[in-house]
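# Coordinate analysis (summary)
Below are the chains, spelled out letter by letter.
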Amino acid sequence: MTAVVPQVDQPVFLDVDSVREDFPILKEHVHGKPLIYFDNGATSQKPIPVIEAMHRYYLQENSNIHRGVHLLSTQATIAYEQARSKVKSFINAGSENEVVFVRGTTEAINLVAQTYGRQNVKSGDEIILTAMEHHSNIVPWQLLAKQNGATIKVVPMTDQGELIIDEYEKMFTPRTRLVAVVHVSNSLGTVNPVHHMVEIAHRHGVPVLVDGAQAVQHMPVDMRAMQCDFYAFSAHKMYGPTGVGILYGREELLQDMPPYQGGGDMIRSVSFEETTFNELPYKFEAGTPNISGGIAFDATIDYVNQIGMHRIMAYENALMRYATESLLNIPGLRIIGTAKTKASVISFVLDGVHPHDVGTFLDLEGIAIRTGHHCTQPVMTFFGIPATSRVSLALYNKKEEIDVLVEALHKVRKTFG
Ligand code: C6P
């Protein structure tokens, strides 16, 4: 990925006030104060078209898919498969066969570990992860490594929170079977050079899984340009419903992988002696899926496309610069994660104040942030801290909200300092 941070003077035409009208929850009050929602990395808010799509489905269209000959079932099947097509275009995958519906990023990574991983990673083999992975991109590989006797290697990072690519290049051996890397770090905000990392891995004949949970909502992603082998993301962090995620997989790899879970819809024929499996992508989709969620994800992609991902990216990056500069004016505040290329996440510690106290104080001011290790304990260990306070931005946040945050943080310092 080339640098995604635009120049400060790059014009950004995003009518944020009109965007905010699409998100009714932003009019709520918390502890008597107007809600300022800065916990978008955990989950984003949902716009009216997405809420309405779910509502409409249950009011008018509810039916199981891929099973019925009756009209409602046929309509629901068409709507669900249309969502798959929408996802395919959104990430520029080669075909719908490469788009597998799952519950979220976590399930997508576990699916790859327990299918591709079990089949291809054997005793003595190596898996490369990085120092800034979310637990969802560590634990599934550890489980696999324990099952199969494989070893995990970790790409180190600098104090700025940037991966050391020279070290990464040196890690490949004839036993390397897979690289798994986060596209955008959820606790540091670093945008990793995944295109380049894929290129290096492929030179060694090694496939790459990219965890896109914190990327797809902030920048355009293009599977054919990135050339990764697997890409995982969740709908709920990009203004869509919870319980829906996507595993993109290169078709040749998915074809050869065994199924993940067994059950209805993933089979072609079953007898007590033998089962044959359905074609792609249904082979990996056992049981009734989150139909309303899938259909609402279609509406989500329409919503994001209508605003335009380039515009969202430019707007958020300008806001991110403003927030970074404003926060750095607070005495005793240190930003954790100062990579040159970042997206939408600002983690910080405040001298002498525990992050949980920061979070609780801000909550009373109506400001929602996340505090803790953000499911990246190795990152906290690396920086020698137990936790950070994290502000994670979305397209509906605005400068005035940053100003309220800064004012509240000055109050935190006075209260605890
Ligand atoms: N990070 C956060 O507050 P799920 O829960 O499956 O939708 O996503 C898991 C996940 C995987 N990778 C990255 C980089 C992530 O950020 C997340 C979710 C949330 O940062 C909850 S811990």
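Treat the numbers as computed from the prediction; the structure is a model and nothing was measured.

The rules behind the values
Residues numbered from 1 in each chain as written. Predicted model: local features only at pLDDT ≥ 70, side-chain atom pairs only at ≥ 80, totals over all residues. Heavy atoms only, no water. Helix = DSSP H or I, 4+ residues; strand = E, 2+ residues; numbered from the N terminus. Rg over C-alpha atoms; globule rule 2.2 N^0.38 Å. Buried < 20%, exposed > 50% of the residue type's maximum accessible area, 1.4 Å probe, protein only. Contact = heavy atoms within 4.5 Å. Lys, Arg positive; Asp, Glu negative; His and termini not counted. Charge placed at Lys NZ, Arg CZ, Asp CG, Glu CD. Phe/Tyr/Trp six-rings, centres within 6.5 Å; stacked < 30°, edge-to-face > 60°. Lys NZ or Arg CZ within 6 Å of the ring centre and 35° of its normal. Pairing = 2+ DSSP bridges. Domains from an automatic or database assignment. Buried area = accessible area lost by both parts, 1.4 Å probe. Salt bridge = Lys/Arg side-chain N within 4 Å of Asp/Glu carboxyl O. Polar contact = N/O pair within 3.5 Å; in protein donor to acceptor, adjacent residues only side chain to side chain. Nonpolar A, V, L, I, M, F, W, Y, C, P; charged D, E, K, R; others polar. Axes fitted to C-alpha atoms, helices over the stretch in contact; angles between N-to-C directions. Parallel < 35°, antiparallel > 145°, perpendicular 65-115°, else oblique. Left-handed = near helix turned anticlockwise from the far one by under 90°. Near = heavy atom within 4 Å.

### Focus: the overall build of the protein chain
Within the protein chain one finds 14 helices and 17 strands. For the protein chain, whose C-alpha radius of gyration is 22 Å, the value lies close to the compact-globule estimate of 22 Å for 417 residues. Looking at the protein chain as a whole, 56% of its 417 residues qualify as buried. Considering only contacts in the protein chain between residues 6 or more positions apart, those separated by 24 or more positions represent 73%. If the 35 positive side-chain charges of the protein chain are averaged to one point and the 45 negative ones to another, these points end up 3 Å apart.

### So, the packing of aromatic side chains
Per the counting criterion, the structure on display carries twelve aromatic pairs. Judged by centre distance (5.8 Å) and plane angle (80 degrees), the rings of Phe 23 and Tyr 303 are edge-to-face. Separated by 280 residues along the polypeptide, Phe 23 in the loop between helix H1 (16-21) and strand E1 (29-30) and Tyr 303 in helix H10 (residues 291-307) bring together distant segments of the chain. Tyr 303 shares its class with Phe 23; the two are buried. Positioned over the ring face of Tyr 322 is Lys 399, at 4.9 Å from the centre of the ring.

### Remarks on the pairing of strand E11 (residues 267-270)
Judged from the three bridges that link them, E11 and strand E12 (residues 275-277) form a sheet pairing that is antiparallel. Bridging from a neighbouring strand, Ser 269 pairs with Thr 276 of E12. Counted between consecutive antiparallel strands, the loop separating E11 from E12 contains four residues.

### Points about the domain arrangement of the protein chain
Taken domain by domain, the protein chain holds domain 1 (16-30 + 308-416) and domain 2 (51-305). Between the C-alpha centres of domain 1 and domain 2 there is a distance of 28 Å. At the junction of the two partners, domain 1 supplies 35 residues and domain 2 supplies 30 residues. Carbon and sulfur atoms supply 61% of the area that domain 1 and domain 2 bury against each other, a total of about 2,600 Å² over both sides. Between the two partners, domain 1 and domain 2, sit one salt bridge. The salt bridge partner of Glu 162 is Lys 340, with a shortest N-O separation of 3.8 Å. At the surface where domain 1 touches domain 2, the tally comes to 18 residue pairs in polar contact (both at pLDDT 80 or more). Elements with a minimum of two residues in the side of domain 1 that touches domain 2: helix H11 (309-328), strand E14 (345-350) and helix H13 (377-383). Here the side of domain 1 that touches domain 2 takes six residues from H13, the largest share from any one element. Tallied by class, residues from the side of domain 1 that touches domain 2 come to 19 nonpolar, eleven polar and five charged.

### Some points on the packing of helix H2 (residues 48-61) against H10
Relative to each other, H2 and H10 sit at 150 degrees, their axes nearing to 8 Å. Put simply, H2 runs roughly antiparallel to H10. Two packed elements cross with a definite hand, and for H2 against H10 that hand is right-handed. On H10, the residues that touch Pro 49, Val 50, Ala 53, Met 54, Tyr 57 and Tyr 58 of H2 are Ile 291, Ser 292, Gly 293, Ile 295, Ala 296, Ala 299, Thr 300 and Tyr 303.

### Here we look at the site of the ligand
Thr 106, Asp 211, Gln 214, Ser 234 and Arg 370 are the nearest of the 18 residues found near the ligand. Thr 105 places a polar main-chain atom, nitrogen or oxygen, 3.4 Å from an oxygen atom of the ligand. Note that a nitrogen atom of the ligand is positioned 2.6 Å from one of the side-chain N or O atoms of Asp 211. Split by residue class, the shell around the ligand holds four nonpolar, ten polar and four charged. Shared between two domains, the shell around the ligand takes at least three residues from each, and those domains are domain 1 (16-30 + 308-416) and domain 2 (51-305).

### Topic: the environment of Gly 262
Examined against the element boundaries, Gly 262 turns out to sit in the loop between helix H9 (251-256) and E11. Separated by 122 residues in sequence, Gly 262 and Gly 384 place their C-alpha atoms 43 Å apart.

### A word on the sheet that holds E14
Through backbone hydrogen bonds, the strands of a sheet pair up, either in parallel or in antiparallel fashion. Read from one edge to the other, the open sheet built from four strands follows the order E13-E14-E17-E16, with strand pairing classed as antiparallel. In this open sheet, the two strands that pair with only one neighbour each are strand E13 (333-336) and strand E16 (370-372). The mean angle between the axes of side-by-side strands here comes to 30 degrees, regardless of whether they run parallel or antiparallel. Across four bridges, E14 lies against strand E17 (residues 388-392) in antiparallel orientation.

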